[in-house]
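# A look at the structure
What follows is the residue order along each chain.
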Amino acid sequence: MEVTIRSHNTRASIPTAAEASAWAEVLVRHHLLHAAVLTPSGQWLVQTAPRTPVRVLDGPAAMVGLAAQIQHRTRTARNRTR
């Protein structure tokens, strides 16, 4: 079953495909996502870990939004351990 996740973007500018690609690469490189694949339709397929369901993100804004959520969660967890 596919789940499309839309961004709740509050930015002044719309994220570009290049920005979304850069964030996807960083998230995968730092093992915060297992995989992130851009589809020809502009959607992103992301997987948090092997054998977890694949999520469908609706475009660059949703990918950048996911990066922001992960960054917020990481910072919040880090602050709790201090």
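Provided above is the structure to which this section pertains.
Residues numbered from 1 in each chain as written. Predicted model: local features only at pLDDT ≥ 70, side-chain atom pairs only at ≥ 80, totals over all residues. Heavy atoms only, no water.

Let's shift gears to a nonpolar patch on the surface. The grouping of Val37, Leu45 and Val54 at the surface amounts to a nonpolar patch, some 210 Å² of accessible area in total. As for its placement among the helices and strands, Leu45 is situated in strand β3 (residues 44-47). When its relative accessible area of 31% is taken as the criterion, Leu45 is described as partly exposed. (Patch = residues over 30% accessible without salt bridge, like charges linked within 9 Å, V, L, I, M, F, W, Y side chains within 5 Å. Areas by Shrake-Rupley, 256 points an atom, 1.4 Å probe, with all protein chains shown as cover. Salt bridge = Lys/Arg side-chain N within 4 Å of Asp/Glu carboxyl O. Helix = DSSP H or I, 4+ residues; strand = E, 2+ residues; numbered from the N terminus. Buried < 20%, exposed > 50% of the residue type's maximum accessible area, 1.4 Å probe, protein only.)

The first and last C-alpha atoms of helix α1 (residues 17-29) sit 18 Å apart over 13 residues, in line with the 18 Å expected at 1.5 Å per residue. For α1, the set of buried residues is Ala20, Ala24 and Leu27. Down the axis of α1, the buried side of the element spans an arc of 65°, and every buried residue falls inside it. Remark: His31 follows α1 within two positions and exhibits a positive phi of approximately 60°. (Expected span 1.5 Å × (residues − 1). Arc of directions from axis to C-beta.)

Turning our eyes to something else, we now look at the side chain of Gln47. Here Gln47 shows up in strand β3. A polar contact is formed between the side chain of Gln47 and the backbone oxygen of Ala49, at a distance of 3.5 Å. (Polar contact = N/O pair within 3.5 Å; in protein donor to acceptor, adjacent residues only side chain to side chain.)

Right, let's get into the nonpolar core. Among soluble globular proteins, nonpolar side chains are generally buried collectively. One finds Leu27, Leu33, Trp44, Val46, Leu57, Met63 and Leu66 to be the most contacted residues of the largest nonpolar core, which totals 13 residues. Elements that contribute at least two residues to this core include exactly α1, β3 and α2 (60-80). The element that contributes the greatest number of residues to this core is α2, accounting for 6 residues. When near neighbours in sequence (up to four residues on either side) are disregarded, Leu66 contacts Leu33, Val46, Arg55 and Leu57. (Core = buried A, V, L, I, M, F, W, Y, C linked by side-chain atoms within 4.5 Å. Contact = heavy atoms within 4.5 Å.)

Okay, the environment of Glu25 next. Examined against the element boundaries, Glu25 turns out to sit in helix α1. The spacing of Glu25 and Ala36 is 11 residues in sequence and 7.7 Å in space, taken between C-alpha atoms.

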